[in-house]
Amino acid sequence: MRRLITPGKAARASNILSCGVLLLALTCFNAGTATADALPSWRDTATRQSIEQFVAEVTDAEHAHYVTPADRIAVFDNDGTLWAEQPVYFQLFFVLDRLRQLAPQNPQWKTQEPFKAALSGDMNALAQTGMHGIMELLMATHADQSRAEFAAAVKAWTESARHPTTGKRYTEMVYQPMLELLDYLRANEFKVYIVSGGGIEFMRVFAEAVYGVIPEQVIGSSIKTQYVVTDGQPTLQRLPEMNFVDDKEGKPVAINQHIGRRPLVAFGNSDGDFQMLEWTTAGAGPRLGALVHHTDAEREWAYDRDSHIGKLVRGLDEAEQRGWLLVDMKNDWSQVFPSHTPSN
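What counts and what doesn't
Residues numbered from 1 in each chain as written. Predicted model: local features only at pLDDT ≥ 70, side-chain atom pairs only at ≥ 80, totals over all residues. Heavy atoms only, no water. Core = buried A, V, L, I, M, F, W, Y, C linked by side-chain atoms within 4.5 Å. Buried < 20%, exposed > 50% of the residue type's maximum accessible area, 1.4 Å probe, protein only. Helix = DSSP H or I, 4+ residues; strand = E, 2+ residues; numbered from the N terminus. Contact = heavy atoms within 4.5 Å. Pairing = 2+ DSSP bridges. Phe/Tyr/Trp six-rings, centres within 6.5 Å; stacked < 30°, edge-to-face > 60°.

A. Molecular detail of the nonpolar core. Formed by 55 residues in total, the largest nonpolar core has its most connected members in F76, M178, L181, Y211 and F267. Counting residues per element, this core draws most heavily on helix α8 (residues 176-187), which supplies six residues. Ignoring any residue separated from it by four or fewer positions in sequence, one finds Y211 in contact with N78, L82, W83, V174, L179, L182, R186, I194 and F206.

B. Local environment of unusual backbone geometry. With an omega dihedral of 0°, the bond running from Q86 to P87 counts as a cis peptide bond. With respect to the element layout, P87 can be found in the loop between β1 (73-76) and α3 (90-102). Cis peptide bonds are those with omega within 30 degrees of zero, and the linkage from E113 to P114 qualifies with 5°. Note that P114 resides in the loop between α3 and α4 (115-120). Here D144, not a glycine, exhibits a phi torsion of approximately 55°, which is positive. Within the secondary structure, D144 sits in the loop between α6 (130-142) and β2 (145-146). The class of D144 is exposed, set by a relative accessible area of 57%. Despite not being glycine, K248 shows a phi value in the positive range, around 50°. Structurally, K248 can be placed in the loop between β5 (233-244) and α11 (250-258). Looking at K248, the relative accessible area reads 42%, which means it is partly exposed.

C. Highlighting the pairing of strand β4 (residues 218-230). Note: strand β3 (residues 191-199) against β4, three bridges, orientation parallel. Counted as the bridge partner of V195 is I219 from β4. Strand direction decides the pairing type here: β4 and β5, joined by eight bridges, are antiparallel. Across the sheet, residue V229 finds its bridge partner in β5, namely P234. Joining the antiparallel neighbours β4 and β5 is a turn of two residues, in which D231 adopts a positive phi near 55°.

D. Expanded view of the packing of aromatic side chains. By the definition in use, this model includes 17 aromatic pairs. Where F90 meets Y170, the ring centres are 4.8 Å apart and the plane angle is 65°; that geometry is what we call edge-to-face. You can see F90 sitting in helix α3 and its partner Y170 sitting in the loop between α7 (147-160) and α8, a full 80 residues away along the chain. Overall, the relative accessible area of 0% leaves F90 in the buried class. Judged by relative accessible area, which is 1%, Y170 ranks as buried. On the numbers, 5.6 Å between centres and 35° between planes, the contact of F93 with Y170 is tilted.

The structure is reproduced here in structure tokens:
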């Protein structure tokens, strides 16, 4: 039987239809705005366009370059890629601050190198002790304690310590454009990992709060750990011996051990990341490799070939022929550090 629509009902139906059209229009507008604002601290340069085009292609089920979500793996170096690294790696600042805290319990350090140089702030003398000296300092501050004790010390440091040049907390010296990129990739069903030469247990303390990267997706250098039961209480005890160095050739090895898939995306900033980008982009199908190039002496630091920290020579020379992006910090980023304080 034919239904009759009265004038009143017709008006209400018209209003509902109009509201539906308006709601649809607003939804489409908001979706477009969200897409446009996904990387607000990235200027509209060829670099940003390349990143967005890559992500659009590998997430479009109709595109020839489509990649299933399970294989959308993105790996990021930490020092110099996600947060700053000058004038020395931030974990070394933690080592030096921790030494000062522990010095009263170790009076022999006043006359014993490399501790004497570190406590007096004599970086030249410390440099002369070489890698052996650095390793001594590392073990004195990172080992012979439980995993929980070490994590507590790192957490207290990140909440109180300040960078000697900027006066900022170290977790405030993360790069805003990279935070946006991490969120952008996750929104497009990428699984994001940190793969860094820094200590795995050091980074796991703050990585989730600062970067949104959960502990099991943090990969780094490690010292040996032993399971110990004392007075019926099980603990993980950190030993004064290196277990794995996650740098250079070690990064692809660690990726294979921890992830078991070749990444689709890799971001680094130095020649220590070269092999990670090389391994990533050697895979079949579409791949994205990128190096953050520190070109902004005004807002951060400008360095590459001659730097003792984050040296970039081979990557700079070979990026173009390998199809890797060079992210020009000065020209590609409208903002470097967050305007607010990241939680940690």
